[in-house]
Amino acid sequence: MIFFRITIVLGIILWGMASGNIAEATAQTRRSRQTREEYIDRYKDIAIAHMERYGIPASITMAQGILESDCGNSWLSQESNNHFGIKCKRNWTGRKVYHDDDAKDECFRAYPSVEESYRDHAEYLDHQPRYNDLFSYPSNDYKSWARGLKAAGYATAPDYAERLIRIIEESELYLLDRPDGGRLYASHKADNSHSEEWLADQSTSLPATAIDPDNFRVTINAHAGYNVYATNGVYYVLAKENDTFENIGHQFRISAKNLRKFNDIRDRTAQPMTGEVIYIEKKKRSWSGNASTHTCRHGETVYAVGQLYGIRSKSIEKLNRLKHTEILPEGAQIRIK
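Note that the coordinates shown come from a computational prediction; the quantities given were computed from them, not determined experimentally. (Residues numbered from 1 in each chain as written. Predicted model: local features only at pLDDT ≥ 70, side-chain atom pairs only at ≥ 80, totals over all residues. Heavy atoms only, no water.)

S.K.: So what's going on with helix H3 (residues 58-69)? Which residues, and what values?
M.R.: Residues that lie three or four places apart on an α-helix share one face, since the helix turns once every 3.6 residues. The terminal C-alpha atoms of H3, which comprises 12 residues, lie 16 Å apart, in line with the 16 Å expected from a rise of 1.5 Å per residue. For H3, the buried fraction is high: 11 of the 12 residues fall into the buried class. Within H3, burial applies to Ala58, Ser59, Ile60, Thr61, Met62, Ala63, Gln64, Gly65, Ile66, Leu67 and Ser69. Against the buried residues of H3 lie helix H2 (36-54), helix H4 (75-80), helix H5 (114-127), helix H6 (142-151) and helix H7 (160-171). (Helix = DSSP H or I, 4+ residues; strand = E, 2+ residues; numbered from the N terminus. Expected span 1.5 Å × (residues − 1). Buried < 20%, exposed > 50% of the residue type's maximum accessible area, 1.4 Å probe, protein only. Contact = heavy atoms within 4.5 Å.)

This is the structure:
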């Protein structure tokens, strides 16, 4: 009987220890989400090597990896090491995984390592005829590469080029495209070491200080796991993977209905895409910076211009006598103030 009781007690202790280990492992998993800076530091040397071999800007490779894989945190990247969203195609003979994208259960390539994903990305761009025109651009012309990728159909998101450009400029990835880019990027970051950790220690209330509107994507503060930025004096965040307007609204005490209204989204069921700009207050009627017009890029819409400058879509339509459904012609000058 005594032995039986001792066995039960030991079992309870061991179960408690195991539960503690499980809880600790779970907490560790939650803490282990990779930041953008960690992602860049881990893979920038591969991107630079591929730039030297293939001529693809390192900044473009890094920005696509960040956007397509959510800094290596997306389900697809963790399940298959696929950091560029490359689908199987007919000639793919390697391992496959299935994931909902433009359609349900689409076939994506799976790799034995992230490095293999980076290599396949470079060779995919190098071998596909529809990307041939990209290689006529210099390896330091990241804007033309971003627009060219969208024009060639790499992604279906209408503002795909703008997203890549913003990531590059926000993280100053264009430094990687320069001679000795790895060292230049590292030294520059060391000189600007006020990090997200420092921001997180500050007050979570949004500051009332004036923001230079010509300084795009200024990091203001951090709140509830979101970096808060400002454009045109309007605050916004970047949507995370599987984010919803309801979740973002809950964190900032704003209704999902108002968030959609702030962002000129008329579909009541629409949800944000990973990395999408989500304004958390009303956008302005016009641009308060120096520029008075915007030069339209290929595939750009009134909505995309409004999100870029923090201006309401209706204001852009009124300023330019445009209809809501009108497609903006490439190269056209659109008034923003």
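S.K.: Quick rundown of the state of the cysteines? Include the residues and the values.
M.R.: Inspection of the entire model under this criterion finds 1 disulfide. Across a sulfur-sulfur distance of 1.9 Å, Cys88 and Cys107 are joined as a disulfide pair. One quick way to see it: the torsion about the S-S bond of Cys88 and Cys107 is about -70 degrees, and its sign makes the bridge left-handed. A residue pair is termed long-range when its members are at least 10 positions apart, and Cys88 in the loop between H4 and strand S1 (96-99) and Cys107 in strand S2 (residues 106-109) qualify at 19 residues. Neither Cys88 nor Cys107 differs from the other in exposure class; each is buried. (Disulfide = S-S within 2.5 Å.)

S.K.: Account for the pattern of salt bridges, with residues named and values stated.
M.R.: Taken as a whole, this structure holds 11 salt bridges when the rule is applied. Its salt-bridge partner being Glu123, residue Arg119 comes within 3.0 Å of it at the nearest N-O pair. In this pair, Arg119 and Glu123 are both assigned in helix H5, 4 residues apart and thus about one turn of the helix distant. A residue is classified by how much of its surface remains accessible, and Arg119, at 32% relative accessible area, is partly exposed. In this structure Glu123 comes out as partly exposed when scored by relative accessible area, which is 21%. One salt bridge connects Asp180 with Arg183, and the closest N-O pair in it is separated by 2.5 Å. With a relative accessible area of 47%, Asp180 lands in the partly exposed category. Overall, the relative accessible area of 51% leaves Arg183 in the exposed class. Taken together, the shared-partner salt bridges in this structure form one network comprising Glu116, Arg119 and Glu123. (Salt bridge = Lys/Arg side-chain N within 4 Å of Asp/Glu carboxyl O.)

S.K.: Just give me the short version of H6, but keep the residues and values in it.
M.R.: Counting buried positions along H6 yields 7 of 10 residues, so the element is predominantly enclosed. Looking only at H6, the buried set comprises Tyr142, Ser144, Trp145, Ala146, Gly148, Leu149 and Lys150. Against the buried residues of H6 lie H3, H5 and H7. Gly153 lies just past H6 and shows a positive phi near 90 degrees.

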